[in-house]
Amino acid sequence: MNYTDYLGTSYSENSQEFNPEKAAQQVRQERGNLNIVLMGATGVGKSSLVNAVFGDNIVEAGDGKPITQHLEKITIPNKSITLWDTKGIESEAHEETMEQLRLDIEKGFQEAIDSKQDDKMPHIAWLCIKETSGRVEQRDFTLLSLLKQFNIPTVVVFTNTMKSGDDFYHKAVTLFNEEYSDFIKDRFVRVNSVRTEVDDGVFIEPKGLEELLAKIEECLEDVDAVKKDTFLRAQKIDLLKRKQKMIEDAKKAVHIAAAAAATAGASPIPFSDAPIIAAIQTKMILSINGYFEVDMENNVATSTAMSILGVTAIANVGKTAVSSVLKLIPGAGSIIGGAVSATTAFAITETIGFAYIRVMENYFNNDTGHVELPVNIKDIVDTFQLFFKKP
């Protein structure tokens, strides 16, 4: 990828101005989006399930917008996740209500698919059934038939599970498999999302979430690897897997940025590459923030990026300060004709990127699954320098 494609409209070569808002928007688009359809009647525990998978109160924190009367989109931008939540599905719904609901959801699915925009299409679905209800409703078959009609990989999730529900679970699985075994592919899972008191002082602990994670990964293998990566970064069931995926995807972003910087470094015009490379590296830092779900205001993120570039001296390429940077990077090359060579631009960008990833790792809380950065930008920069000096 050349630097013009990488920066897009976020950088003007004429004015040499970088627009962080446009860069942040590009970064979100480049991460893509995973659309998860939540199917099930009111009260089956969809919100509790989502919060258990992605973190507390994610549903309440999201931006909800109606698609149709019975379908609402809840967008979680920092996770690149959109939840399509079905509304108004009640156990006592009459046939005409269910038919209208079916047509409404079908319309929402079809419009998304007709758009031919991947980020607008439904990718996977969770069909939620409350195990303690004791029976499979006709609405569950209606919803499953819709998912099959549009070939949306589905996990059937039995919520509020307990030992007394064993018989119901096995009977339900048998019923679904009679008609949908080729579609469901044995993706059934029993989950307790939250600790629940069932009697005075008697609690049922959360369980089944690890199995749910495995079933969702199976579903996403039928979609594509990028969507699977998005989910693994977003989920909070397995925090080690989450952290590893954040690091892996951030490193890919660094490689892409470094390659773009190399094309800028190949510019034959002395000093023309310096502001371009600085813009590339700033966008790269914004991209790394995104993969680690660091939700900085644009001005704070840009100030952090520029402070980091300041200590690497890339913002002053061509001045004497850059020579000290090159000494830190073995084999980085030299300044030729007053411009940064392609090799040097690649090496500096990659070193900055990997050092910043180390900063994210350093502040990653293994207990909560969040990156907890200091409030003071200087503390972040000081930590960055520790890693940058040892590329």
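(A) Structural detail: unusual backbone geometry. Even without being glycine, Lys 185 reaches a positive phi, approximately 60 degrees. Of note, Lys 185 is situated in the loop between helix H7 (166-184) and strand S9 (188-191).

(B) A look at the nonpolar core. By size, the foremost hydrophobic cluster in this structure holds 48 residues, and its most contacted members are Ile 280, Ile 288, Phe 292 and Tyr 356. Elements with a minimum of two residues in this core: helix H1 (3-7), helix H2 (20-31), helix H10 (239-265), helix H11 (273-291), helix H12 (298-312), helix H14 (342-362) and helix H15 (377-388). Excluding residues that lie within four positions of it along the chain, Ile 288 makes contacts with Ala 250, Val 254, Gly 353, Tyr 356, Ile 357 and Met 360. Formed by 31 residues, the second largest nonpolar core is a distinct cluster that contains Leu 49, Val 53, Val 155 and Ile 237.

(C) Summary view of the confidence of the model for the chain. Averaged over every residue, the pLDDT of the chain is 82; the share at 70 or more is 82%. Below a pLDDT of 50 lies the segment residues 315-338, which in the model reaches 35 contacts outside its immediate sequence neighbourhood of four places, other chains included.

(D) Seen up close, the pairing of strand S5 (residues 71-76). Direction of pairing for S5 relative to strand S6 (residues 81-86): antiparallel, over a ladder of six bridges. If you follow Lys 73 over to S6, its bridge partner there is Trp 84. With antiparallel pairing between neighbouring strands as the criterion, S5 and S6 make up a hairpin whose turn holds four residues, including Ser 80 at a positive phi of roughly 55 degrees.

(E) Main features of the pattern of salt bridges. Inspection of every chain in the model, using the stated rule, returns 22 salt bridges. Ionic pairing is found between Lys 79 and Glu 293, a salt bridge with its closest N-O pair at 3.2 Å. Within this pair, whereas Lys 79 is found in the loop between S5 and S6, its partner Glu 293 is found in the loop between H11 and H12, the two being separated by 214 residues in sequence. Residue class for Lys 79 comes out buried when judged on its relative accessible area of 8%.

What counts as what
- Residues numbered from 1 in each chain as written.
- Predicted model: local features only at pLDDT ≥ 70, side-chain atom pairs only at ≥ 80, totals over all residues.
- Heavy atoms only, no water.
- Helix = DSSP H or I, 4+ residues; strand = E, 2+ residues; numbered from the N terminus.
- Core = buried A, V, L, I, M, F, W, Y, C linked by side-chain atoms within 4.5 Å.
- Buried < 20%, exposed > 50% of the residue type's maximum accessible area, 1.4 Å probe, protein only.
- Contact = heavy atoms within 4.5 Å.
- pLDDT = per-residue confidence, 0-100.
- Pairing = 2+ DSSP bridges.
- Salt bridge = Lys/Arg side-chain N within 4 Å of Asp/Glu carboxyl O.

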